[in-house]
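Structure at a glance
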Amino acid sequence: MVAVTEVGHRVADPAGRPVGRRRRLVPVLLVVGWLLGVGWRMWLSRHVPLPIAHTDEDSYLHTARALAGGPGGFSSENGPLRRVGYPLLISPVFLGERDFADSYRLVQLINAAVNATVLPLAYLLLRRLTPVRRPVALVAATVAATLPATVFYAGVAMIDAVLAPLVLAWLLAVHHWVRRPGPLAAAGVGALVGVFHLLHSRGLVIVGVHAGLVLLLFLRRRVSPAQVLAAVLPVLALALLNEVVIRLLGDRVYLLGDPPGGGTVRAVASGPGLLRVGAAVATQLWYLVVITFGLAGVAWAGAVHLLLRRPTPAATPGPDAVPPGPAAGPADAVGATRWTVGVALVTSVGVAAGASVILAGITGKPLDAIYGRYVQMLAPFWLLLGVGLLVTATPRQRWRRAAVAVGLLLAGATLIAARLAWVAGRGHELRYGGFGAPDLMALTGGWREFRPFTGAAVGIAGCLLLVAALRLPRWRVPVLAALVVVNLGTMQVITDRLVRPLVAATAPTPRVSDLGVRPGDRVWASLGVQWVLRFNLSHQVTWADVRWFGDAPPADADVVFVRWAPGEPDDWDGTRYGFVRLGGNPEQHWAAWRRS
């Protein structure tokens, strides 16, 4: 990886080994693994019948429903950062007439099918980037595909469910394009970048990195003007598609988000503001090192070394070398790896910085102690690269890279602890919630408080154990398989400690259909109903956009969802307006009333 000796020619297999049979077995294992991955993700989501990640899920679902020809609804997005890619992907589930719970389950199935493609993509990418044998690549890809950072959002209607495989596909395409330039490869990279832009505002960072990559490759005379055009046109086409779909939606989906502007500028346009953003960026990058058991830190150390030192031709290939390909030599393979790793590094820092700047500008709520959601999509790549670097490195290189990872973990924990103490000393509190870093919560047991030094200890322990074990070929597969078990256990803990309590707190019972609310009813919801329950009640009204009101019901309302709090002053009495209560749940403080 760092030297051409690590990407040399294939060593002939000992006589008698059924090489062709093993090659044919790999695709079968990848397909079976993908199917198992889809089934596991659906099994994890069985407890989630309604959205739990408000208001993002509500926004995507309302937009998808409108795209399918149904009623619209609100979106928490703002104009400049509005994207329609994910709603387009899930919109078919709203075609025809079906219960919302069934549509939501189909969304989870789409998420699971796309998210589980991390397995084959991770295998292919690891085999391209580093010279590891097939069994190690297969198990390492399974580790990446079961990472909670990869899997967590597959159970909800969130864009993050599809971003991790998209990152791997994009970097795989970049590697292929640099290694074997051509218009078709350039168009493939451009199309994937355009999909990023169509999906989420994080795509703006990807577009910027892509523009820099195309420019550098052109200036280095590695690509032709035709390839530049092929790499740029798909991005422009998909950006145009986003705008066209938004225009077609019109006002059926109305935006509640505030566009970034003065608040964002004021948040970063000062010394303290820049320090806050810098601390948030460092926290997100530190988080990546922890949840990959130090492997991201190992990968960064090797990546920087690779970028700063040009590889030199080697005379002796390594024992795990893979073929450079029929049309490319070892130097070409390493050159493509250098470009790919450089792109990934810039993207990681860019996404962390962009997210931190945008979040700093949201002044209506406290800043986050940690918000790892935006960088989670990069975790599988850095884990894979870290495994490859440990497997192919010399003992000295392994320990040097591990030392870098340990240093990053300790320095990051110290910085985070100092930041928390500084904020607490001024009587403030940083927000710390389940969707900020659910895997970190499970690994550190920090369900109610951020435990940076516990996180550092987890990362250091995992890193040192991996360095010690992966140096021995016979231990590589078992140790990586043990990481898969850790990932499976972590997801189960997250499900039991975070997901199921959220479902219990946000799923209104009984269902509105059981109360006699039926298609054709004009339904409104009172602002007196707790907002999460109000949203999930409204989702069950699949035939209309449920609008909100204050105290007096609108004149055209057939059914209203209102607060039901017996004995309390704000208990809503519908008899004053000629309504009859259908039922509800006084413990959840909501009821449905019909105009008599």
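Keep in mind that this is a model prediction, so the values were computed, not measured.

As judged from the six bridges shared by strand S6 (residues 579–585) and strand S7 (residues 590–595), these two strands associate in the antiparallel manner. Bridge pairing links Gly583 to Ala592 in S7.

The terminal C-alpha atoms of helix H9 (residues 183–199), which comprises 17 residues, lie 24 Å apart, in line with the 24 Å expected from a rise of 1.5 Å per residue. Among the residues of H9, those classed as buried are Ala185, Ala186, Val189, Gly190, Leu192, Val193, Gly194, Phe196, His197, Leu198 and Leu199. Buried residues along H9 sit in contact with helix H3 (85–90), helix H8 (160–179), helix H10 (203–219) and helix H11 (225–249).

Predicted confidence across the chain gives a mean pLDDT of 90, with 92% of residues reaching 70 or more. Taken as a whole, residues 1–17 scores under 50 in pLDDT and shows 56 contacts with residues more than four places along the chain or in a different chain. Counting contacts from residues 313–329, a segment whose pLDDT is below 50, to residues more than four positions away or on other chains yields 37 contacts.

Applying the stated rule across the entire model yields 19 aromatic pairs. Residues Tyr60 and Tyr86 carry aromatic rings whose centres are separated by 5.3 Å and whose planes lie at 80° to one another, so their mutual orientation is edge-to-face. Of this pair, Tyr60 sits in helix H2 (residues 56–67) while Tyr86 sits in helix H3; the two residues are 26 residues apart in sequence, bridging distant segments of the chain. By the burial criterion, Tyr60 is buried, and Tyr86 matches it. Through a chain of ring-to-ring contacts, the aromatic side chains of Phe74, Trp531, Phe535 and Trp548 assemble into a single cluster. Above the ring of Trp43, the side-chain terminus of Arg46 is found at 3.9 Å from the ring centroid. Arg534 extends its terminal NZ or CZ atom over the ring of Trp548, reaching a point 4.9 Å from the ring centre.

This structure, assessed with the given rule, holds six cavities of 30 Å³ or more. Taken as a whole, the largest cavity encloses approximately 140 Å³ of empty space. Residue lining of the largest cavity: 14 residues in total, with Leu44, Phe152, Gly155, Met491 and Val499 positioned closest to the centre. Only helix H1 (19–44) and helix H20 (473–506) provide two or more residues apiece to the lining of the largest cavity. It is H20 that contributes the most residues to the lining of the largest cavity, three residues altogether. Looking at the lining of the largest cavity residue by residue, the class counts come to 10 nonpolar, three polar and one charged. Its boundaries defined by the atoms lining it, the second largest cavity holds a volume of some 80 Å³. Across the lining of the second largest cavity, the residue classes break down as six nonpolar, three polar and three charged.

Reading the values: the criteria
- Residues numbered from 1 in each chain as written.
- Predicted model: local features only at pLDDT ≥ 70, side-chain atom pairs only at ≥ 80, totals over all residues.
- Heavy atoms only, no water.
- Pairing = 2+ DSSP bridges.
- Helix = DSSP H or I, 4+ residues; strand = E, 2+ residues; numbered from the N terminus.
- Expected span 1.5 Å × (residues − 1).
- Buried < 20%, exposed > 50% of the residue type's maximum accessible area, 1.4 Å probe, protein only.
- Contact = heavy atoms within 4.5 Å.
- pLDDT = per-residue confidence, 0-100.
- Phe/Tyr/Trp six-rings, centres within 6.5 Å; stacked < 30°, edge-to-face > 60°.
- Lys NZ or Arg CZ within 6 Å of the ring centre and 35° of its normal.
- 1 Å grid on protein atoms, 1.4 Å probe; cavity = no way out; pocket = protein on both sides within 12 Å on 5 of 7 lines; lining within 4 Å.
- Points joined across faces, edges and corners; volume = space filled by probe spheres on them.
- Nonpolar A, V, L, I, M, F, W, Y, C, P; charged D, E, K, R; others polar.

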